[in-house]
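Each chain, letter by letter, is given below.
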Amino acid sequence: MRDFRDAKAMAKAMRETLAARNIEITHSEALEIVARQFGVETWNILSAKIEAKPVEGGIAFEQAVPIVRIFDVAKAHEFYLGFLGFSVDWEHRYGDNFPLYTQVSRDNLRLHLSEHAGDATPGGNMVVYMKGIRAFQKELIDKNYRYMKPGLEDEGSRLEVTVIDPFQNRIRFMEAKG
């Protein structure tokens, strides 16, 4: 799996793929598109991140990105894009009539959705820490999604909103109190 340090190679691969389809873009345009796919506004911002000095000892953890197993792209889009308000960052298929592997995001939360059988097990469970959970829960209820009307649960030290996607994957959104 590529990450932001592979941005130049990704831009080159994109240009080559588009050129094979008689679509020409400049290298600069490709770099700007790749930067936006990684959630930054410009190539200059991503470039600075790539060139940043490593953390002492050379070890630096970044955000974990869960892989979520899906079986139906339309249902996944209805839930993740329509109901939860995510956007598609990128999609990948090895060819026509191959399974989808895609990244969706909302603000700083990124998820990988995969139709590939070996990538994840359906029925997974994840926790997402957040701020503004009351507004988020109200937003979800106001969408009047026919399959889910999540409540706001007071769990003592935290507030929690739980949603379950059409493939039985559970996401527990949590906000610490106080």
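Predicted, not measured: the structure shown is a model, and the values here were computed from it.

Novice: Tell me what's going on with the sheet that holds strand β7 (residues 158-164), and back it up with residues and numbers.
Specialist: Within a beta sheet, neighbouring strands are joined by backbone hydrogen bonds and run either parallel or antiparallel to one another. What the 4 strands build is an open sheet, ordered β5-β8-β7-β6; its pairing is mixed. At either margin of the open sheet sits one strand with a lone partner, and together these are β5 (125-129) and β6 (153-154). Pairing analysis gives 2 bridges linking β6 to β7, with the strands arranged antiparallel. Among the inter-strand pairings, Glu153 is bridged to a residue of β7, identified as Glu160. Packing against the sheet, helix α5 (residues 133-142) makes contact with β7 and β8 (170-176), and its axis sits at approximately 30 degrees to β7.

Novice: How would you summarise the pairing of β7 if you had to cite specific residues and measurements?
Specialist: Connecting β6 to the antiparallel partner β7 that follows it, the hairpin turn spans 3 residues, and Gly156 within it adopts a positive phi of roughly 90 degrees. Counted along the chain from β7 to the antiparallel partner β8, the turn is 5 residues long, and its residue Gln168 has a positive phi close to 70 degrees.

Novice: Describe the packing of aromatic side chains, with residues and values.
Specialist: This model, assessed by the stated rule, comprises 9 aromatic pairs. Between the aromatic rings of Phe79 and Tyr80, the centroid separation amounts to 4.9 Å while the plane-to-plane angle is 80 degrees, which identifies the pairing as edge-to-face. Grouped by ring-pair contacts, the aromatic residues Phe79, Tyr80, Phe83, Phe86, Tyr145 and Tyr147 constitute a single cluster.

Novice: So, the sheet that holds strand β4 (residues 109-114): which residues are in play, and what are the values?
Specialist: Read from one edge of the open sheet, 4 strands run β1-β4-β3-β2, paired in mixed fashion. Whereas interior strands pair on both sides, the edge strands pair on one side only; in this sheet they are β1 (67-69) and β2 (87-92). Within the sheet, the average angular offset between the axes of one strand and its neighbour, ignoring direction, is 25 degrees. For β1 and β4, the ladder comprises 3 bridges, and the chain directions are parallel. Looking at β4, one finds that Arg69 is bridged to Ser114. Most of the contacts of helix α4 (residues 73-83) go to β2, to which it runs at about 145 degrees, and overall it touches β1, β2, β3 (101-106) and β4.

Novice: Lay out helix α1 (residues 7-20) in plain terms, naming residues and giving numbers.
Specialist: Relative to the 20 Å expected for 14 residues at 1.5 Å per residue, α1 spans 20 Å between its end C-alpha atoms, a close match to the ideal helical length. One or two steps after α1, the chain reaches Asn22, where phi turns positive at roughly 60 degrees.

What counts as what
Residues numbered from 1 in each chain as written. Predicted model: local features only at pLDDT ≥ 70, side-chain atom pairs only at ≥ 80, totals over all residues. Heavy atoms only, no water. Pairing = 2+ DSSP bridges. Helix = DSSP H or I, 4+ residues; strand = E, 2+ residues; numbered from the N terminus. Contact = heavy atoms within 4.5 Å. Axes fitted to C-alpha atoms, helices over the stretch in contact; angles between N-to-C directions. Phe/Tyr/Trp six-rings, centres within 6.5 Å; stacked < 30°, edge-to-face > 60°. Expected span 1.5 Å × (residues − 1).

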